[in-house]
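If you want the building blocks of each chain, they are given just below.
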Amino acid sequence: MASLAQKLTEIVGAAFAAEGLSAELGLVRVSDRPDLCQFQCNGAMAAAKAAKKNPREIAQTLVQALQDHPALARIEIAGPGFINLDVTDAFLAAHIKSNADSDTLGVEPVGAGRTIVLDYGGPNIAKPMHVGHLRSSIIGDSLRRICAFAGYRAIGDVHMGDWGTPMGQILSELEARGRLGQPVTMDELEEIYPAASRACKEDENRAEQARAATVKLQDGDPVYRAAWQQFIDVSIAGMKENFDALGVHFDLWKGESDVHERIAPMVETLKTAGLAVESEGAVVVPVAREDDKKEMPPLILYKRDGAVMYGTTDLATVADRVEAFSPAAILYVVDQRQSLHFEQVFRAARVTAIAPEEQVELTHAGFGTMNGQDGKPFKTRAGGVMKLQDLIAMAVEKAQARLEEADLAADMDQAERDDVAHKVAVAALKFADLHNNRVADYVFDIDRMTRFEGKTGPYLLYQAVRINSLLNKAKGAGLDVPENPTFAIKAEDRALALALAEFPDHFRLALENYTPHVLCDYAYKLAQDFSSFYGACHILSEEDEQLRASRLSLCALTYRQLVLILGLLGIQVPARM
RNA sequence: GUCCCCGUAGCUCAGCAGGAUAGAGCACCGGAUUCCUAAUCCGGGGGCCGUGGGUUCGAAUCCCGCCGGGGACACCA
């Protein structure tokens, strides 16, 4: 099991090896000139460079050796030394069949037996979630699904900001209002938090009280702990509404507070080992190296006033995760602007052997800013930060309007229509976010992303639903999709079959580079290739029974693959619309 | 000041493990429906790949400089 290109790589690689060349040079990939050939291998040119020989001569030898290979319909030299290949339809059909028979559609479980922890979402207690949390949530959740599909034990941790100065500020504000000990609602918190923060900024007295409250909380004062726990519960309930609406899942609801107990012993150990030192009144882990080209400030564990920083909790959290899960990797899906911070934390984790390099990969999968159409960070019309729930509501409203315009979902009852609108909205939001290169900033345009035409989430849902409808119609007409399909490849089927065979290649790229956008592009290509196929042949009225069965099987496989890929992006497909 | 990211069609973006004629979507122009969801499909126009050098048989891709945009740079997260 593998992609078609991988199978061809084995064949061509063996031919390279037989000529005494490196098998790696036999890398075959889908041709970027589909008008010339289906697949290409550029290894002869690289081999020629190394051996200082004529590339066409080397290519000629290989082509001769592979001339009669049963998998190949055609193999020839082109240009300066490209090797162009086409597979036989029989080989293609057999390959498609092996994918259809595979639970994973040909993807190999490279992560089996290994664990990966993903850190995304990152909401803050007492603050409503806003658009800044959208990208982290969407990208992180998709990566979690991708890792899980690759066989990893993929653990998503929401890693809430539930500790430190802001908590003390809220507690002291509650105390000042005589509300300490009384339950608060999320709406109240949304007002209390900024008020508390403002008060501490303006009034040194209040700031001092907040610091004292922070210390009391962290020392375990029962009244403070109880009040804190109450507004944490309220906040989490609010977060869950947002995450549920988006279909973003977490396995762990941990926060910064969960590592509080680890911090003091950790710092003591590091000090004893001489890895943490005092500097300018603070306790830091120096992480600069001699060969650094840039300034690399140390990671601060204790501030001058003795309080911990987010670097401290992040380092302790690495230790916690390593201890609890022995992960092969920890992935942080956090704003690109924090790249220096993570470099400091990662270096500290290496230098202290909390996470040795040969044991655990530490990766910051950063992402760019979500901008408005003016290219500046996305804001509401009034210029404020848009709440996530408002944004979702806006998308749902837009989706409803689009469905109505298109006269889709018209014969459904209200509940199903609402469900479809919601799925369309989430598909629009997620696809628009994920289809961009992660690290680049992207322009948020609600009108564009909710359209049913073009490269959008709704278009992909439409295509998938259309295939499902066709399959249902076939069933209704007594034309069953064979359980054990045999594929017949004719001219009209070939492009779709070849496209289906690419899935493992795109999946591997998405996994290795943590780039869901690769899957977005591929899903779109697949949908388009299906549409061309669908336009080129009328399936249900095909009189050749074998061909009709094959085409129905091709439809079924495309549907399954499309639903699977969208699922990896966190997008659900409605049964109809 | 140092460092990081970005700069590709009018707009939004792929391509950056060096390869053939740089691709999509939107918008624009022209076609296609007695039939499975036409919100679709087929075709067309549109590009000094920011810029100047270098490496290479070959550069959007690698290296150096410059310009433009964004960001970060010990006690906030």
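Structure: above.
Residues numbered from 1 in each chain as written. Chains lettered and ligands numbered in written order. Predicted model: local features only at pLDDT ≥ 70, side-chain atom pairs only at ≥ 80, totals over all residues. Heavy atoms only, no water.

A. Just the protein's contact with RNA strand B, in detail. What surrounds RNA strand B is a group of 67 residues, the closest being R33, F82, E280, P298 and A406. Put simply, 54% of the atoms of RNA strand B that lie within 4 Å of the protein are in sugar or phosphate. Between RNA strand B and S469, the relevant distance is 3.0 Å, taken from a phosphate oxygen to a side-chain nitrogen or oxygen of the residue. One of the side-chain nitrogen or oxygen atoms of Q528 is found 3.1 Å away from a phosphate oxygen of RNA strand B. Breaking the surface near RNA strand B down by element, the ones donating at least two residues are α2 (43–51), β4 (82–87), α13 (388–405), β13 (442–443), α16 (457–476), α18 (503–513) and α19 (517–536). Counting residues per element, the surface near RNA strand B draws most heavily on α16, at eight residues. Of the residues in the surface near RNA strand B, the class split is 28 nonpolar, 16 polar and 23 charged. (Near = heavy atom within 4 Å. Polar contact = N/O pair within 3.5 Å; in protein donor to acceptor, adjacent residues only side chain to side chain. Helix = DSSP H or I, 4+ residues; strand = E, 2+ residues; numbered from the N terminus. Nonpolar A, V, L, I, M, F, W, Y, C, P; charged D, E, K, R; others polar.)

B. Region of the structure containing the pattern of salt bridges. Tallied over the full model, the rule gives 39 salt bridges. Linking E190 and K387 is a salt bridge whose minimum nitrogen-to-oxygen distance equals 2.8 Å. Placement of the pair is E190 in helix α7 (residues 186–202) and K387 in the loop between β12 (370–371) and α13, with a sequence separation of 197 residues. Taking the shortest distance from any N to any O, the salt bridge between D292 and R347 comes out at 2.9 Å. With D292 in the loop between β8 (282–285) and β9 (299–302) and R347 in helix α12 (residues 339–351), the pair connects residues that are 55 residues apart, well separated along the chain. Within the structure, one salt-bridge network assembled from shared partners comprises E173, R177, E191 and R206. (Salt bridge = Lys/Arg side-chain N within 4 Å of Asp/Glu carboxyl O.)

C. The arrangement of empty space enclosed by the protein in detail. By the definition in use, this model includes one cavity of 30 Å³ or more. Estimated volume of the largest cavity: approximately 60 Å³. Lining the largest cavity are D157, H159, K254, G255, D258, V259, T317, D320, R321, A324 and F325. It is helix α11 (residues 310–325) that provides the largest number of residues to the lining of the largest cavity, a total of five residues. Taken together, the residues that form the lining of the largest cavity break down as three nonpolar, three polar and five charged. (1 Å grid on protein atoms, 1.4 Å probe; cavity = no way out; pocket = protein on both sides within 12 Å on 5 of 7 lines; lining within 4 Å. Points joined across faces, edges and corners; volume = space filled by probe spheres on them.)

D. Summary view of the sheet that holds strand β7 (residues 277–279). Strand order in this open sheet of three strands is β7-β8-β9, and the pairing throughout is antiparallel. Strands with a single pairing partner mark the edges of an open sheet, and in this sheet they are β7 and β9. Direction aside, neighbouring strands of the sheet carry axes that sit 50 degrees apart on average. The sheet contact formed by β7 and β8 spans three bridges and is antiparallel. Of the residues in β8, the one forming a bridge with V277 is V284. (Pairing = 2+ DSSP bridges. Axes fitted to C-alpha atoms, helices over the stretch in contact; angles between N-to-C directions.)

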